[in-house]
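Here's the letter readout for the chains.
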Amino acid sequence: MERGVAVVVEDDDDIRTTLTEVLQQSGFAVHSTASGVAGVDAVREHNPDIVTMDVGLPDFDGIEASRRIRTFSDAYLIIVSGRVDEADTLMGFEAGADDYLTKPFRPRELRARIAAMLRRPRTLQAAPAERALPPRRGEQHPPRQARQGNLAGQQPRESPEGEPGSPAEPGCCDFAHRGLSLHEASRQAAINGEPVDLTRTQFDILLVLMENGRTVQTKADLVRRLRNEPYNTGSFVTAGEERAVEVHVGNLRKRLGDSSQNPCWVETVRGVGYRMTP
Ligand code: CA
């Protein structure tokens, strides 16, 4: 099955070959490059779904390359680094990366990340018809693939009224709050009707927050949700993953033009997590 397009940016021949093989086995058409300039050009040319980015490149580093790619692409961006330093990891997330892989990695680690990404589909792969034809007023959306079995059986933690996430105008968007609207099937966000470009990770975080309204989502909740795990698994979440969520939320705020001090939409609950403003 053709799943999409990938760009590999890696100057080490062996690692580039491994990355390329794993992605091909996962069904991607792969374009591999060995420098930052070539990598950015390849992303521009091929509009990939997924990019793997080495940090140590011969021209400029992978963090800078990621930053440049993020200005025009919402590809799922995985930094592949020989360094395990947490500060480096965070720089990658600040540059807009979605995920991080440390060398040496096993092919199955990369496969796991690809699988996690595919469970959080983008519009074009998930529901092409939805994009072309928005659902009519009152029509039900198709089942949400990204969430199968995820929230099933979960009790709502707050009464429906007072949930800013309640559908405002059926057919226009799934969630709306203070001019910010989210359409889940097409994975589009808009502020006062003006589309806002969000990465997959930013969209998913905003979706969880809007779904839950005033109910605080802890950083661990958000980490598990990005892994596509139900909240109640209680699976281990590292401090680094929580820091990554902080950076993703910071990037999300930047994209929305929101402020952490005086938020219009996303409120920080100090020491706990995040929720939507009243
Ligand atoms: Ca390298």
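Note that the structure is predicted; figures quoted are calculated from it, not measured.

### Regarding the packing of helix H4 (residues 86-94) against helix H10 (residues 239-256)
1) Next: The interhelical angle for the contact between H4 and H10, taken along N-to-C directions, is 30°, at an axis separation of 9 Å. Of the possible angle classes, the one that applies to H4 and H10 is roughly parallel. When you trace H4 past H10, the crossing you get is right-handed. Across the interface between the two elements, Glu86, Leu90, Phe93 and Glu94 from H4 touch Gly240, Arg243, Ala244, Val247, His248 and Asn251 from H10.
2) Next: Looking at the contact of H4 with H10, its residues break down into four nonpolar, three polar and three charged.

### Quick word on the coordination of the calcium ion
1) Next: Protein coordination of the calcium ion is provided by Asp11 (OD), Asp54 (OD) and Gly56 (O), with donor distances spanning 2.1 to 2.3 Å.
2) Next: On the basis of relative accessibility, which here comes to 48%, the residue Gly56 falls in the partly exposed class.

### Re empty space enclosed by the protein
1) Next: Following the criterion strictly, the structure yields one cavity of 30 Å³ or more and no others.
2) Next: By volume, the largest cavity is sized at about 30 Å³.

### So, the packing of aromatic side chains
1) Next: In this structure the tally under the stated criterion is one aromatic pair.
2) Next: Arranged with centres 6.2 Å apart and planes meeting at 45°, the rings of Phe93 and Tyr100 form a pair that is tilted.
3) Next: Stacked on the ring of Phe72, the Lys or Arg Arg44 has its end atom at 4.4 Å from the ring centre.

### Describing the nonpolar core
Across soluble globular proteins, nonpolar side chains show a tendency to be buried alongside one another.
1) Next: Formed by 27 residues in total, the largest nonpolar core has its most connected members in Leu180, Leu182, Leu198, Leu206, Leu256 and Val266.
2) Next: Listed by contribution, the elements that provide at least two residues to this core are strand S7 (180-183), strand S8 (188-191), helix H8 (200-212), helix H9 (219-226), H10 and strand S12 (273-276).
3) Next: For Leu182, the contacting residues outside a window of four places in its chain are Cys173, Asp174, Phe175, Gln188, Ala189, Phe203, Leu206, Leu207 and Met210.
4) Next: Grouped together as the second largest cluster of nonpolar side chains are 23 residues, Val43, Ala65, Ile79 and Ala244 included.

Criteria and thresholds
- Residues numbered from 1 in each chain as written.
- Predicted model: local features only at pLDDT ≥ 70, side-chain atom pairs only at ≥ 80, totals over all residues.
- Heavy atoms only, no water.
- Axes fitted to C-alpha atoms, helices over the stretch in contact; angles between N-to-C directions.
- Helix = DSSP H or I, 4+ residues; strand = E, 2+ residues; numbered from the N terminus.
- Parallel < 35°, antiparallel > 145°, perpendicular 65-115°, else oblique.
- Left-handed = near helix turned anticlockwise from the far one by under 90°.
- Contact = heavy atoms within 4.5 Å.
- Nonpolar A, V, L, I, M, F, W, Y, C, P; charged D, E, K, R; others polar.
- Donors = N, O, S within 2.8 Å, 3.2 Å for Na, K, Ca; no water.
- Buried < 20%, exposed > 50% of the residue type's maximum accessible area, 1.4 Å probe, protein only.
- 1 Å grid on protein atoms, 1.4 Å probe; cavity = no way out; pocket = protein on both sides within 12 Å on 5 of 7 lines; lining within 4 Å.
- Points joined across faces, edges and corners; volume = space filled by probe spheres on them.
- Phe/Tyr/Trp six-rings, centres within 6.5 Å; stacked < 30°, edge-to-face > 60°.
- Lys NZ or Arg CZ within 6 Å of the ring centre and 35° of its normal.
- Core = buried A, V, L, I, M, F, W, Y, C linked by side-chain atoms within 4.5 Å.

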